Amino acid sequence: MNRFVFYFFALLCVLIGLYPAIYFFVGNDFGLKVHKPDVLLNDIYWNAAFYLHIVFGGIALLIGWMQFPAKFRRKHIRWHRRIGLSYLFAVVTSGLAAIYLSFMPTGGWITGLGFFSLAIVWLSTTIASYFAISKNMIQRHRELMIYSYAACFGAVTLRLWLPILIIIFGEFLPAYRIVAWLAWVPNIIVAAFINHIKS
């Protein structure tokens with residue numbers, strides 16, 4: 001990967017990884033909460049799932065990109081393992097919360113199915129990657145982690161696509177239904193291409 005492209009990629013990951021912190025300093029009139037009904041905003045379980053999802057999803061995004069440079073993996077294998085285990089915990093926590101949230105989506109079942117599918121892809125590739133490395137299947141581990149982080153990077157692409165789609169459609173709901181899929185499906189396709197050229 002070109003150095004400039006990698007640094008730009010890392011910057012996006014850090015910025016969006018830190019983005020959830022804003023929710024702790026503002027009220028419900030911010031971000032995606034603006035479009036949620038009061039019944040959810042006042043629900044303790046929904047709020048617990050929401051904050052677990054954004055906080056641990058943010059952590060996964062913040063630390064995951066560090067694992068890609070081969071030089072770092074070779075020189076700091078212990079840190080690579082520690083970051084990997086932290087990423088695994090963050091993904092499982094955020095992903096399970098995302099599954100719960102997907103059953104109460106803004107925009108109906110199309111949105112819910114999109115985010116449910118993303119959570120399943122994110123969880124399954126991450127967990128499978130852990131089992132692959134536990135069996136010393138290094139190449140398989142790397143391939144699965146590329147898929148995993150492509151799914152994780154959906155948090156970034158969602159925030160890039162959503163304002164564009166809102167401008168195109170002139171309203172939030174149709175844009176949100178589309179971005180529930182557009183935020184991550186192309187990422188997985190790109191990950192498949194990367195794995196293909198590396199194999």
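Quick note: structure is the one above.
Residues numbered from 1 in each chain as written. Predicted model: local features only at pLDDT ≥ 70, side-chain atom pairs only at ≥ 80, totals over all residues. Heavy atoms only, no water.

Colleague: Just checking my understanding: could you explain the side chain of N47 for this structure?
Modeller: Mapped onto the elements, N47 comes out in helix α3 (residues 44-64). Judged by relative accessible area, N47 falls into the buried class, the value being 16%. A polar side-chain atom of N47 sits 2.8 Å from the main-chain carbonyl oxygen of L41. Dropping the residues within four chain positions of it, N47 is found in contact with K33, L40, L41 and N42. (Helix = DSSP H or I, 4+ residues; strand = E, 2+ residues; numbered from the N terminus. Buried < 20%, exposed > 50% of the residue type's maximum accessible area, 1.4 Å probe, protein only. Polar contact = N/O pair within 3.5 Å; in protein donor to acceptor, adjacent residues only side chain to side chain. Contact = heavy atoms within 4.5 Å.)

Colleague: Whenever I open this one, a positive patch on the surface confuses me. Can you help?
Modeller: The grouping of R3, K71, R74 and K75 at the surface amounts to a positive patch. Here the positive patch takes three residues from helix α4 (residues 70-75), the largest share from any one element. Tracing the backbone through its elements, the reader meets K75 in helix α4. (Patch = residues over 30% accessible without salt bridge, like charges linked within 9 Å, V, L, I, M, F, W, Y side chains within 5 Å. Areas by Shrake-Rupley, 256 points an atom, 1.4 Å probe, with all protein chains shown as cover. Salt bridge = Lys/Arg side-chain N within 4 Å of Asp/Glu carboxyl O. Lys, Arg positive; Asp, Glu negative; His and termini not counted. Charge placed at Lys NZ, Arg CZ, Asp CG, Glu CD.)

Colleague: Just checking my understanding: could you explain unusual backbone geometry for this structure?
Modeller: Excluding glycine, a negative phi dihedral is what most residues carry, and trans is how most peptide bonds are arranged. Unlike most non-glycine residues, N136 shows phi in positive territory, near 60 degrees. Tracing the backbone through its elements, the reader meets N136 in the loop between α6 (109-134) and α7 (138-152).

Colleague: I tried to follow the packing of aromatic side chains on my own but got confused; where do I start?
Modeller: This model, assessed by the stated rule, comprises 21 aromatic pairs. For the ring pair Y23 and F50, a centre distance of 5.2 Å and an interplane angle of 80 degrees mean the geometry is edge-to-face. Pair noted here: Y23 is in the loop between α1 (3-18) and α2 (38-41) and F50 is in helix α3, with a separation of 27 residues, a long-range link. We note that Y23, like F50, is buried. Feature note: the residues F6, Y7, F9, W65, F68, Y87, Y149 and F153 constitute an aromatic cluster, connected by ring pairs. The positively charged end of R82 is found above the aromatic ring belonging to W79, 5.2 Å away from the centroid. (Phe/Tyr/Trp six-rings, centres within 6.5 Å; stacked < 30°, edge-to-face > 60°. Lys NZ or Arg CZ within 6 Å of the ring centre and 35° of its normal.)

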